[in-house]
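Chains, contacts and geometry: an overview
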Protein chains: 2
Amino acid sequence: MTIFSSIQKPTLLLDENKARKNLALINEKILSQGKQFRPHFKTHQSAEIGEWFQEIGITKITVSSIEMAIYFADHGWDDIFIAFPVNILQIEEILELSKRIKLSLLFEDIRAVRFIDKHISCQISGWIKIDTGANRCGLKSDQFEIIAELANELEKSKHITLSGLITHAGHSYRFKTIEEIHSVYDGSVKTLLGIQDQLNQLGYSKIEISVGDTPSSRLVNDFGNVDEIRPGNFLFYDVQQYQAGVCKLEEIAVTVVCPVVAVHPEQNEVVIYGGAIHLSKDSHSWGEIQNAFGLVSLPAQNGWSWDDKKIIGYLRSLSQEHGVVVIPDGIPDEIIPGSLVCVFPAHSCLTVQAIGKYTNLDGETIHTMLS
Amino acid sequence: MTIFSSIQKPTLLLDENKARKNLALINEKILSQGKQFRPHFKTHQSAEIGEWFQEIGITKITVSSIEMAIYFADHGWDDIFIAFPVNILQIEEILELSKRIKLSLLFEDIRAVRFIDKHISCQISGWIKIDTGANRCGLKSDQFEIIAELANELEKSKHITLSGLITHAGHSYRFKTIEEIHSVYDGSVKTLLGIQDQLNQLGYSKIEISVGDTPSSRLVNDFGNVDEIRPGNFLFYDVQQYQAGVCKLEEIAVTVVCPVVAVHPEQNEVVIYGGAIHLSKDSHSWGEIQNAFGLVSLPAQNGWSWDDKKIIGYLRSLSQEHGVVVIPDGIPDEIIPGSLVCVFPAHSCLTVQAIGKYTNLDGETIHTMLS
């Protein structure tokens, strides 16, 4: 009787030991360099998993929505950074939160600064989002005039303390070598230090620097002159991180266990119950395959153990509820309708969001804010 | 005071009139040709919306999971086709369902036929899934030997009636002209009729034919010699369907209303609260843009009205919680932090799954099985 004998439909299996090890490694690395560790909780979204962080002394966290901040505040966290450009329409929740916890908000529009400052009564921290090349959101790092304008607005506000510069160097995900990831990290930090310096010259002191992507957090040895590190994905990792050389396959701490519903030996293909609504549509490359949606292995006898050699195939397509797995070397005898395969997700954060709860290796459910 | 004044975060807005019109159009078309209409409820997943179908006389439905079948059975539907290769691990639920309703199951592996036949006691219908070119799942149409073997297994089973052949010509989504979609449809039907003929020669009679994609259902004028049509997406449509020429923009019946959180006039870009967890990562092309994640318009004064000219931009990137909208002609004055934009999703089915409930134009919540 293993954990697998109780699984009947797509199930997000979590190996707590792996996740705790991943956490300890990053925590020790960040602390050993004297940096503040403010992990991003959008990856796991779970109060119970949050306790693993509390147990090792972590007291400050990052989240990506106001709902997530409220959820973790309700579970005892009292120093929360909502690393998302503030949505002023949720002013009531923000006001409420600002009275309960030490709240940090992210700004990239001066009108949002004015609105928030006008409507709250407690002191909060205000951070400026800088785009150092990820090209997602934030103020462009070469537009100092706009950055200075925002800093000025924060500085003159009554209730918001201009606290620092934040970036998410998400472009580190696009690179494959340690040298490239180092170079992205060093470039991002250098850019932020340059802006910090210019702001200092304008008289704004105590500007901290916060950075946050998992590849850099794992691979960069010297974090340089930053104050805070905020990765999230490192807790579970996934195939995107594995493919980028950030983690080993055996460090991936979550897998989606999926029932086999049909086997087609003529095509070396297996149809599984497990689709876009479980794994999301995020993809990864795999050898010559441009778009795969996960790597596939077989359940292990005693829980969960595998290495690169145990990857037997990849998900070549993903519909709403089902996926098609290619097993290039032929279908093992144990794969029959009603058997199970393990799918390592392309992107663990979106997979957690899609399934909304975990099953640990003892068969217990670990809830998230979604379940 | 419009519906928009009460929206504070990403909200799936549903125009009931549009959806009912889309439904009436397809229903009349299918009935006028004397075909059985068995709509796919995986698109809306809502008992309340299901009532709109009941009101116009629809009694048979398609779903994509056993949970969905149970949900709709609990809401009074008693003739349900689970158009998903049967997951034998859920035998208890299948057994239970088979006692309550007229149940149809999909098979593409003879071992699943044997298992189900052995474990149930009531009569159910068994359909064979044929891949007519979509290349997702099903038995390859040119492997008649395997199809005949499955038909034989169904025929000799005690509790499963060999009922017919089913295909989802999902490759119709890849084509852009009406001629191409006609050609895909005609090819699929011809293939199924050929297999039906061969099975008849083997002595299997009463083999029905069921087809189901939205592009063909909408665009093909003569459904030919099929028995049943099972589209789902036609109820709401989306940008993928619009781009494929299947629907008009004004027929899209759902939009995700998203708060603006930052405006960057220098880049003609707007950051919105609305990401992969609301819209899914499905994408569409838009002019020269290969991967856009939705089209963007502004809310209308009196509810919801727009046409092609009112599309002001597209979503160029999608993170977990936020998206970046490009507005090529410059940002309209009304777009400021705290204002709202409407995002037409690339794929409405996955968007419904992600958000899990609707708000209608009167501000009322319409629940799904997920909420």
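The structure reproduced in this document is the subject of the present report. What you see is a predicted model, and the numbers here were worked out from it, not measured in a lab. (Residues numbered from 1 in each chain as written. Chains lettered and ligands numbered in written order. Predicted model: local features only at pLDDT ≥ 70, side-chain atom pairs only at ≥ 80, totals over all residues.)

This brings us to the nonpolar core. The biggest cluster of nonpolar side chains holds 230 residues, and the ones touching the most others in it are A:Ile82, A:Phe107, A:Val341, B:Ile82, B:Phe107 and B:Val341. Contact partners of B:Val341, with chain neighbours within four places excluded, come to B:Cys258, B:Val260, B:Ile272, B:Val296, B:Leu298, B:Val325 and B:Ile335. (Core = buried A, V, L, I, M, F, W, Y, C linked by C-beta atoms within 7 Å. Buried ≥ 20, exposed ≤ 12 C-beta atoms within 10 Å, placed from the backbone. Contact = placed C-beta atoms within 7 Å.)

The next subject is the relation of the copies chain A and chain B. Here chain A sits on chain B after a turn of 180 degrees about the axis and a move of 0.0 Å along it, with an RMSD of 0.0 Å. Those values place the two copies in the arrangement expected of a two-fold rotation axis. Closest approach to the rotation axis among the C-alpha atoms of chain A is made by A:Lys281, whose C-alpha sits 2.7 Å away. A symmetric contact is evident, with 100% of the interface residues of chain A recurring at the interface of chain B. (Least-squares fit on C-alpha atoms with pLDDT ≥ 70 in both.)

Quick look at helix 1 (residues 16–32) of chain A now. All names here are of chain A. Across its 17 residues, helix 1 extends 24 Å between first and last C-alpha, which sits within 8% of the 24 Å expected from 1.5 Å per residue. Taken as a whole, helix 1 has its buried residues at Ala19, Asn22, Leu23 and Ile30. Each buried residue of helix 1 sits inside an arc of 95 degrees when the element is viewed along its axis, so together they form one side. When the buried face of helix 1 is taken as reference, the exposed residues oriented beyond 90 degrees from it are Ala24, Glu28 and Ser32. Next to the buried residues of helix 1 lie strand 1 (11–14), strand 2 (36–37), helix 2 (47–55) and strand 10 (228–229). Directly after helix 1, the chain includes Gly34, whose backbone phi takes a positive value near 70 degrees. (Helix = DSSP H or I, 4+ residues; strand = E, 2+ residues; numbered from the N terminus. Expected span 1.5 Å × (residues − 1). Arc of directions from axis to C-beta.)

All names here are of chain B. For Lys206, which is not glycine, the phi torsion reads 55 degrees and is therefore positive. As for its placement among the helices and strands, Lys206 is situated in the loop between helix 7 (178–201) and strand 9 (208–211). Located in the positive-phi region is Asn268, a residue other than glycine, with phi close to 55 degrees. Assignment of secondary structure puts Asn268 in the loop between strand 11 (254–264) and strand 12 (269–273). C-beta crowding within 10 Å serves as the criterion here: with 15 such atoms nearby, Asn268 is assigned to the partly exposed category.

Residue and element names in this part refer to chain B. Within strand 18 (residues 340–345), 6 of the 6 residues are buried, which leaves the element mostly enclosed by the surrounding structure. Side chains Leu340, Cys342 and Phe344 project from strand 18 onto one buried face, and the interleaved Val341, Val343 and Pro345 project onto a second face that is buried too. Note that strand 11 and strand 18 share 4 bridges and pair antiparallel. Counterpart to Cys258 in the pairing with strand 18 is Val341. Sheet topology places strand 15 (residues 294–297) next to strand 18; 4 bridges connect them, and they run antiparallel. Across the sheet, residue Gly294 finds its bridge partner in strand 18, namely Pro345. (Pairing = 2+ DSSP bridges.)

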